[in-house]
Amino acid sequence: MANARDIKNRINSVRNTQKITNAMYLISSTKLRKAKAELENTRPYFNMIETEIRRIFQSKKNVKSKYFYPEEGRHAAENYAYLVVTADKGLAGAYNHNVLKMAEEALAKHKKVDLYVVGEYGRHYFTKHKIPIKQSFLYTAQNPTFERARKIAYQLLEEYDSGRVDEIRIIYSDMENELQSVVKMDRVLPFDRGNFIEKDGQKVEQYVNMHFYPSVDAVINHVIPGYVAGYIYGALVDSFSAEQNARMTAMDSANKNAEELLAALGMEYNRVRQAAITQEITEVAAGAKAQMKKRLKEGNNLE
C-alpha cells in the first residue's frame, strides 16, 4: 500500500498533466475557430469558379477536356495517385488511425499507385511499414494555406497532364458536426461533368449562351487547375479542423479522467492519512498507558 507521500506526489503529477491537457484543449479550440474563419473567407472564390464551370457546360455542348470523363467510352483507370492527409502529431484520439486505415485499404485494391502524404504522422507510419511514398510534402499540416494547396495541386496536375496518372484521389477527415468527424475518399480528377450540370440530383439554373476565346476547351482547361487547388485547400482545412476537434475531444476526456483520478486519489490520501493519524494516536495512548503502569508499579514498590 502506498504511503501518504507517494499519493501526494501522484496527485501533483496528475494536476500538472491536467494543466497541459487543458492548455492543449484551449489551443485546439482557438486553432479550430481560426481555420473555419479562413475557409469561410476563401469559400466564395471557389464557389464562383464552380459556378463558372457550370455555365460553361450549360452554354456549350460536347466540351472536350482531359480533366473530365468523356460522355461515352469511359475506361477504368490503371495508374492512381493518392493524396493522404494526416496530422503532424498524435494525441488526437482515432483521427490518424482512421485515415491510415482507409488509406491502406484503398492502396491494397490497386497495383499501380503513387502515394503522396501530408503530415509527419502519416510519413512516419508509411515509412515504418515500408509502404513506398512518391512524395511527402514537408508543409506542416498545422498551417494549411492556399499557397501550399496550390503547390500540391500543380504537382499532382503535372503527373496527370503527363499521363503518368489516370486518376487522383484524396483521403482526408471532414467534420460532419461539432461532435463527429468522418474520413472521406474523394476523386479529385477526372471530374464527372454531370456533377456540374446537376446538383443534388436536380438541374441547376440555366444561363444564357456565352462566347469563349480562344476556345471553350482552352478556357475550361485554364480554370480547372485553380478549382483543383481550391478543392485540395478545402480538404486540408477540413482535415485540420477535424484534427483540432478530435484533439479537443481527447483532451476533454483526459481532463475528465484526471478529475476522476484526483477524486479517487484524494479519498485514498485521506484514508491513508487517517490511518496514519489513528496509528499515531494508538501508539501515543499505548505509550501513555505503559508509562502509567510503570509509575504505579514503582509507587507500589516504594511502599
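Below is a short write-up of the structure. (Residues numbered from 1 in each chain as written. Predicted model: local features only at pLDDT ≥ 70, side-chain atom pairs only at ≥ 80, totals over all residues. Heavy atoms only, no water.)

On to the overall build of the protein chain. Looking only at helices and strands, the protein chain features 6 helices and 7 strands. Ordering the α and β elements of the protein chain from the N terminus gives α-β-α-β-α-β-α-β-β-α-β-β-α. In the protein chain, which comprises 303 residues, the share counted as buried stands at 39%. A separation of at least 24 residues holds for 76% of the contacts in the protein chain among residues at least 6 apart in sequence. Surface accessibility of the protein chain: about 18,500 Å² in total, with carbon and sulfur atoms responsible for 52%. (Helix = DSSP H or I, 4+ residues; strand = E, 2+ residues; numbered from the N terminus. Buried < 20%, exposed > 50% of the residue type's maximum accessible area, 1.4 Å probe, protein only. Contact = heavy atoms within 4.5 Å. Areas by Shrake-Rupley, 256 points an atom, 1.4 Å probe, with all protein chains shown as cover.)

Within a sheet, adjacent strands bond to each other through the backbone by hydrogen bonds, running parallel or antiparallel. Read across the sheet, 5 strands follow the order E3-E2-E1-E4-E5 without closing on themselves; strand pairing throughout is mixed. With partners counted over all chains shown, the strands left at the sheet margins are strand E3 (135–137) and strand E5 (181–189), one partner each. On average, each strand axis in the sheet is inclined to that of its neighbour by 20°, with strand direction left out of account. Both strand E1 (residues 79–85) and strand E2 (residues 112–118) contribute to a ladder of 7 bridges, which runs parallel. Within E2, the position partnered with Tyr-80 by the bridge is Val-113. Against the sheet, helix H3 (residues 120–128) makes contact with E1, E2 and E3, and its axis sits at roughly 140° relative to E2, the strand it touches most. (Pairing = 2+ DSSP bridges. Axes fitted to C-alpha atoms, helices over the stretch in contact; angles between N-to-C directions.)

What follows concerns the packing of aromatic side chains. If you walk through the whole model with that rule in mind, you get 2 aromatic pairs. Each ring, one from Tyr-125 and one from Phe-126, has its centre 5.7 Å from the other, and the planes form 80°; the classification is edge-to-face. (Phe/Tyr/Trp six-rings, centres within 6.5 Å; stacked < 30°, edge-to-face > 60°.)

Every buried residue of H3 is listed here: Gly-122, Arg-123 and Phe-126. Seen from one end, H3 has its buried residues packed into an arc of 100°, which puts them on one side. Away from its buried face, by an angle of more than 90 degrees, H3 presents the exposed residues His-124 and Lys-128. The inward-facing, buried residues of H3 abut E1, helix H2 (95–107), E2 and E3. At the exit of H3 stands Lys-130, carrying a positive phi of roughly 55°. (Arc of directions from axis to C-beta.)

Let's shift gears to the pattern of salt bridges. Taken as a whole and assessed by the stated rule, the structure comprises 6 salt bridges. Between Lys-134 and Asp-114 there is a salt bridge, with the nearest N and O atoms lying 3.6 Å from each other. Taken together, the residues span a long stretch of sequence, with Lys-134 in the loop between H3 and E3 and Asp-114 in strand E2 at a distance of 20 residues. The partly exposed category is assigned to Lys-134, whose relative accessible area is 44%. (Salt bridge = Lys/Arg side-chain N within 4 Å of Asp/Glu carboxyl O.)

Turning our attention to helix H4 (residues 146–161). Across its 16 residues, H4 extends 21 Å between first and last C-alpha, which sits within 8% of the 22 Å expected from 1.5 Å per residue. Those residues of H4 not exposed but buried are Phe-146, Ala-149, Ile-152, Ala-153, Leu-156, Leu-157, Glu-159 and Tyr-160. For H4, the arc enclosing every buried residue in end-on projection is 155°, short of the 170-degree limit, so these residues lie on one face. The first or second residue beyond H4 is Gly-163, which carries a positive phi of 90°. (Expected span 1.5 Å × (residues − 1).)

Burial within strand E4 (residues 167–175) is extensive, with 9 of its 9 residues counted as buried. Here E4 shows two buried faces, one formed by Glu-167, Arg-169, Ile-171, Ser-173 and Met-175 and the other by Ile-168, Ile-170, Tyr-172 and Asp-174. Note that E1 and E4 share 5 bridges and pair parallel. Looking at the pairing, Leu-83 lines up with Ile-170 of E4. Bridge count for E4 against E5 is 8 bridges, and the pairing is antiparallel. Of the residues in E5, the one forming a bridge with Ile-170 is Asp-186.

In this section: unusual backbone geometry. In this model, Leu-189 is joined to Pro-190 through a cis peptide bond whose omega is -10°. Here Pro-190 shows up in the loop between E5 and helix H5 (194–197). Even without being glycine, Lys-130 reaches a positive phi, approximately 55°. Along the chain, Lys-130 falls in the loop between H3 and E3.

Honestly, that's just the spatial picture; any functional story needs more than this.
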